[in-house]
Amino acid sequence: MSQPGSEPQPEHQLNGQHAFAGQPYPQAYPQQPYGQQPYPQQPYVEQDGMPFYFPDLEGANFKSKATTYAIIGIFVFGIVFGPLAIRNASRAEANGVPATFGKVAGWIVTVLSCINIVFWAAILIFGAVYGSMGGR
């Protein structure tokens, strides 16, 4: 008889083996030697052979591009990078990922670039017209 509070022990306990099946205890996880990587995994492919793309990852990629283009456009070629930022932000939002910063910054960069172009064109025209008069 066992005493209260003590745990029941199996009747037949074998060295390193299950008492019921006579099999060795299973390893929890197979251990790999240090430094070796497991076998390379193949990307997930759908049944028809086309790769599967997660739309939120694709949208996140467009969001990242929109932000990058907007920041680059602040410093150089804003008339080019501003619309690129707007387009990529729209694609991100079409994929369900909000890209407000990319869209707003893209519009700001585009508008400021247009104002900058008009300003420098006016300076050139003003200089061409009034600069040729000499010192009269």
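Our structure is the block above this text.
Residues numbered from 1 in each chain as written. Predicted model: local features only at pLDDT ≥ 70, side-chain atom pairs only at ≥ 80, totals over all residues. Heavy atoms only, no water.

Draft legend 1. Structural view of the overall build of the chain. Looking only at helices and strands, the chain features three helices and zero strands. For the chain, the N- to C-terminal ordering of α and β elements is α-α-α. Each of the 136 residues in the chain was classed as buried or not, and the buried ones make up 15%. Partitioning the intrachain contacts of the chain with sequence separation of at least 6 by distance along the chain shows that 49% fall at a separation of at least 24. Carbon and sulfur atoms provide 63% of the accessible area of the chain, an area that totals close to 11,700 Å². (Helix = DSSP H or I, 4+ residues; strand = E, 2+ residues; numbered from the N terminus. Buried < 20%, exposed > 50% of the residue type's maximum accessible area, 1.4 Å probe, protein only. Contact = heavy atoms within 4.5 Å. Areas by Shrake-Rupley, 256 points an atom, 1.4 Å probe, with all protein chains shown as cover.)

Draft legend 2. Quick peek at the packing of aromatic side chains. Using the criterion set out here, one finds three aromatic pairs in the structure. On the basis of an interplanar angle of 35 degrees and a centroid distance of 5.9 Å, the ring pair of Y69 and F81 is categorised as tilted. With Y69 in helix α1 (residues 55-75) and F81 in helix α2 (residues 78-94), this residue pair connects regions lying twelve residues apart in the sequence. (Phe/Tyr/Trp six-rings, centres within 6.5 Å; stacked < 30°, edge-to-face > 60°.)

Draft legend 3. A look at the environment of T67. Positionally, T67 belongs in helix α1. A relative accessible area of 23% places T67 in the partly exposed class. Between the alpha carbons of T67 and A99 there is a distance of 8.2 Å; along the sequence they are 32 residues apart. Each residue touching T67, except ones within four places of it in the same chain, is listed here: F101 and G102.

Draft legend 4. Region of the structure containing a nonpolar patch on the surface. A cluster of nonpolar side chains, namely I71, I72, I74, F75, V76, F77, I79, V80, F101 and I117, defines an oily patch on the protein surface of about 990 Å² accessible area. Along the polypeptide, I117 turns up in helix α3 (residues 100-131). (Patch = residues over 30% accessible without salt bridge, like charges linked within 9 Å, V, L, I, M, F, W, Y side chains within 5 Å. Salt bridge = Lys/Arg side-chain N within 4 Å of Asp/Glu carboxyl O.)

Draft legend 5. Fine view of α3. Relative to the 46 Å expected for 32 residues at 1.5 Å per residue, α3 spans 45 Å between its end C-alpha atoms, a close match to the ideal helical length. Those residues of α3 not exposed but buried are G102, A105, G106, V109, T110 and S113. (Expected span 1.5 Å × (residues − 1).)

Draft legend 6. Up close: the side chain of T110. On the secondary structure map, T110 appears in helix α3. With a relative accessible area of 12%, T110 lands in the buried category. With near-sequence residues (within four places) excluded, T110 lies in contact with G78, G82, P83 and I86.

Draft legend 7. Layout of the packing of α2 against α3. One way to put it is that α2 packs onto α3 with a least axis distance of 8 Å and a crossing angle of 160 degrees. With respect to α3, the axis of α2 lies roughly antiparallel. By crossing handedness, the relation of α2 to α3 is classed as left-handed. Every residue of α3 that contacts α2 at G78, I79, G82, P83, A85, I86, A89, S90 and E93 is listed here: T100, G102, K103, G106, W107, V109, T110, S113, C114 and I117. Of the residues belonging to the contact of α2 with α3, the class tally is nine nonpolar, eight polar and two charged. (Axes fitted to C-alpha atoms, helices over the stretch in contact; angles between N-to-C directions. Parallel < 35°, antiparallel > 145°, perpendicular 65-115°, else oblique. Left-handed = near helix turned anticlockwise from the far one by under 90°. Nonpolar A, V, L, I, M, F, W, Y, C, P; charged D, E, K, R; others polar.)

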